[in-house]
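Residues per chain are reported as follows:
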Amino acid sequence: MNREAETTATDPHPDLTSPPSSAPAAAAVDQTRRALIGTAAGVTAAAVAPGLVLYSNANEAAPRTDPVSDVHRWGMLIDTDRCATGCTACVTACDRENGLNLQAKPLGDDQDKWQNQRATWIRKVRLQDNLTGRMTNLPLLCQHCENPPCVDVCPTGASFKRADGVVMVDRHTCIGCRYCMMACPYKARSFIHERVEQNLSRAPRGKGCVESCNLCAHRLDNGDISTACADACAHEGHHAIVFGDLKDPDGPLRQALAASPNRQIREDLRLNTGVRYAGI
Amino acid sequence: MDIIMIPPHHRMARRARPQRITWLARVALLIGLLLLAAAASAERVGGFVLPSSQAATAATCVEPTEYMRRNHFELIRHQRDETVYGGIRSTKHSLAGCVTCHVGHDGDGTPIPIADIGQFCNACHRYAAVRMNCFDCHATVPVGEGWNQTVTAPSAPTAQLADTALPPGHPSRGQPAPDR
């Protein structure tokens, strides 16, 4: 498929390089590129506050009655320059939102092993450029690929991509083989090794299944277009995470993506990730 | 060897077959069957709704009771895929919804895990010899904000539970795993 050909709202391959209020659908390739360069240079004044992650979509403010569709594709922009050293607000918020804080260390496991094995949906990663010494912080989570390797390898179809681009595990069909964990280039998935004693009603979890970030699907499905991590980051005043719809050219995410240079981690794999990073 | 494998009544039947199956035997069989049927219809089905649950105050289940007894698992399973794949959270067959309405409460109004021995889901499943593992993962009491507990009545004793963690001393903490 030609990625550059279309930029309509329902485009399954949103051209993320096009400017916010995008030109007609059939913009030629080089025109789009030129537009991008122009935008990158001059749009800063027009860009919305990067922390502005909440926007309401009036007709979606109630629990969903119709199945999710590809009208939206949910994604994020993470500005690593704003991601503060020592801050773990996003991780903590994710843990609480998704019941990950209720996991208990199995009796007899040592602390290091447990830290390695407990399920985490977001990892705070610190990178150092060995030549310059420059340090970069970033939260690494499921990148919600358009072409997810975890889905490719799953033998039961439990690992799947929802119509709105959220990559998740149907734990009713997951057999715990962990091929997806091997296939994921981002180490974004966790396995539940032990019986879980406490669960939230909204976040069931049990021994023998793989899980990972689902972009707070329960929020999205109830018309709350936000994620716990982005909210927490904004609450801390860092505004490093912008969550939104990759297919909405006027939405906060596309605005933020257009406003600053950003990239995919391991873009060489051509997975077309839904989570993008600035400052790396 | 063969003889040992065959249940006793078969042995009797085999002995009887070459000779004659008298009218008497036929009548005896008929009476037996009638008695069995009578016993089955006399067996009370139902009455599993706990007096301490919200359901005790509700007029009806999410579908007619008779239908629920026979088909609840189909409904839940259908709902499961609707929610997981379609993100649909508005329908009334949510498993979290069953738990909210059917969970029993102790004297203090603390919910008792719905899959514990003798509680709503467990009592009937024991009776019917059904085993299911849904509550290995799914919360057995309403915990946290109820994203898909659309049927929660505002007056429910647990509707206000806002914290995301179970309070210390919560009944589902450190409980031995019941027969699920």
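Look up: the structure comes first, before these words.
Keep in mind that what you see is a predicted model, and the values were worked out from it rather than measured. Within each chain, residues carry numbers counting from 1 in the order of the written sequence. Whichever chain is written first becomes A and whichever ligand is written first becomes 1, with later ones labelled in order. Selection of residues for local features in this predicted model requires a pLDDT of at least 70, selection of side-chain atom pairs for listing and counting requires 80 or more, and totals for whole chains, interfaces and linings are taken over all residues. As a convention, hydrogens and water are excluded, and side-chain values are obtained from all of the structure's heavy atoms.

Student: So what's going on with the nonpolar core? Residues and values would help.
Tutor: Nonpolar cores are built from buried Ala, Val, Leu, Ile, Met, Phe, Trp, Tyr and Cys residues. Side-chain atoms within 4.5 Å join them into one set. Whether a residue is buried, partly exposed or exposed follows from its accessible area with a 1.4 Å probe, protein chains only, as a fraction of its type maximum: under 20%, in between, or over 50%, in that order. Membership of the largest hydrophobic core comes to 51 residues, with the highest contact counts inside it found for M76, I241, F243 and Y277 of chain A. For this analysis, residues touch if any pair of their heavy atoms sits within 4.5 Å. Residues in contact with M76 of chain A, not counting those within four places in the same chain, are L141, L215, T227, C229, I241, V242, F243, L253, G274, V275 and R276 of chain A. Core analysis: the next-biggest nonpolar cluster, separate from the first, contains 15 residues, L200 and A203 of chain A together with A115 and F135 of chain B among them.

Student: So, the packing of aromatic side chains: which residues are in play, and what are the values?
Tutor: Only rings of Phe, Tyr and Trp enter the pairing, Trp through its six-membered ring, and a pair is recorded when the two centres are within 6.5 Å. The plane angle decides the type: under 30 degrees is stacked, over 60 is edge-to-face, the rest tilted. Applying the stated rule across the entire model yields three aromatic pairs over all chains. Where F160 of chain A meets Y85 of chain B, the ring centres are 4.3 Å apart and the plane angle is 40°; that geometry is what we call tilted. One end of the pair, F160 of chain A, is in strand β4 (residues 159–161); the other, Y85 of chain B, is in helix α4 (residues 65–86), on a second chain. Of the residues examined, Y85 of chain B reaches a relative accessible area of 31% and is grouped as partly exposed. Measuring from centroid to centroid gives 6.4 Å for F48 of chain B and Y127 of chain B, while their planes differ by 45°, and the two rings are tilted. Taken together, the positions of F48 of chain B in the loop between α3 (23–42) and α4 and Y127 of chain B in helix α6 (residues 120–127) put the pair 79 residues apart, joining distant regions of the chain. With a relative accessible area of 47%, Y127 of chain B lands in the partly exposed category. By definition, any uninterrupted DSSP run of H or I lasting at least four residues is a helix, any uninterrupted run of E lasting at least two residues is a strand, and each is numbered from the N terminus.

Student: Describe in detail the interface of chain A and chain B, supporting the description with residues and values.
Tutor: The parts lose accessible area when they come together, and the size of an interface is often stated as this lost area. Contact residues are listed per partner, giving 33 residues for chain A and 30 residues for chain B. Buried surface area refers to the total accessible area, computed with a probe of radius 1.4 Å, that the two partners give up upon joining, counted for both partners together. With both sides pooled, the region where chain A packs onto chain B buries about 2600 Å², and carbon together with sulfur makes up 51% of that total. When the area that chain A buries against chain B is broken down by residue, the three leading residues are H172, S201 and R202 of chain A, summing to 23%. The partner of D221 of chain A in a salt bridge is R89 of chain B, with the nearest N and O atoms 3.0 Å apart. Think of a polar contact as two N or O atoms within 3.5 Å of one another; within protein, one of them needs to be a possible hydrogen donor and the other a possible acceptor, and neighboring residues in sequence only count if both atoms come from side chains. Along the contact surface separating chain A from chain B lie eight residue pairs in polar contact (both at pLDDT 80 or more). Those elements that provide at least two residues to the side of chain A that touches chain B are α2 (89–97) and α6 (217–221) of chain A. Considering every element that reaches the side of chain A that touches chain B, the biggest residue donor is α6 of chain A, with four residues. Any Lys or Arg side-chain nitrogen located within 4 Å of an Asp or Glu carboxyl oxygen qualifies as a salt bridge.

Student: Talk me through the packing of α2 of chain A against helix α7 (residues 228–235) of chain A; I want residue IDs and the actual numbers.
Tutor: All names here are of chain A. Running from N to C, α2 and α7 point in directions that differ by 135°, and their axes come no closer than 8 Å. The pairing of α2 with α7 is recorded here as oblique in orientation. In this structure, the crossing between α2 and α7 has a hand that is right-handed. Side by side, α2 and α7 meet where A89, C90, A93, C94 and E97 of the first sit next to A228, C229 and A232 of the second. Tallied by class, the residues present in the contact of α2 with α7 amount to seven nonpolar, no polar and one charged. Axis definition: a line fit to C-alpha positions, over the contact stretch in the case of helices; interaxial angles, taken between N-to-C directions, run 0 to 180 degrees. Orientation labels follow simple angle bins: below 35 degrees gives roughly parallel, above 145 gives roughly antiparallel, 65 to 115 gives roughly perpendicular, and whatever is left gives oblique. Less than a right angle of anticlockwise turn of the near helix away from the far helix marks a crossing as left-handed, whereas a clockwise turn marks it as right-handed. Here the nonpolar group is Ala, Val, Leu, Ile, Met, Phe, Trp, Tyr, Cys and Pro; Asp, Glu, Lys and Arg are the charged ones; every other residue, Gly included, is treated as polar.

Student: Just give me the short version of the state of the cysteines, but keep the residues and values in it.
Tutor: Cysteine sulfur atoms that come within 2.5 Å of each other are treated as a disulfide pair. This structure, assessed with the given rule, holds zero disulfides over all chains. You can see C174 of chain A has no disulfide; the closest cysteine sulfur is in C209 of chain A, sitting 4.1 Å from it.

Student: Describe the environment of A256 of chain A, naming the residues involved and giving the relevant values.
Tutor: Residues and elements named next belong to chain A. Following the sequence through the fold, A256 ends up in helix α8 (residues 252–259). On the basis of relative accessible area, A256 is assigned to the buried category, the value being 10%. Through-space distance from the C-alpha of A256 to that of V242 is 7.5 Å; in sequence the pair is 14 residues apart. In contact with A256, not counting residues within four places along its chain, are L77 and V242.

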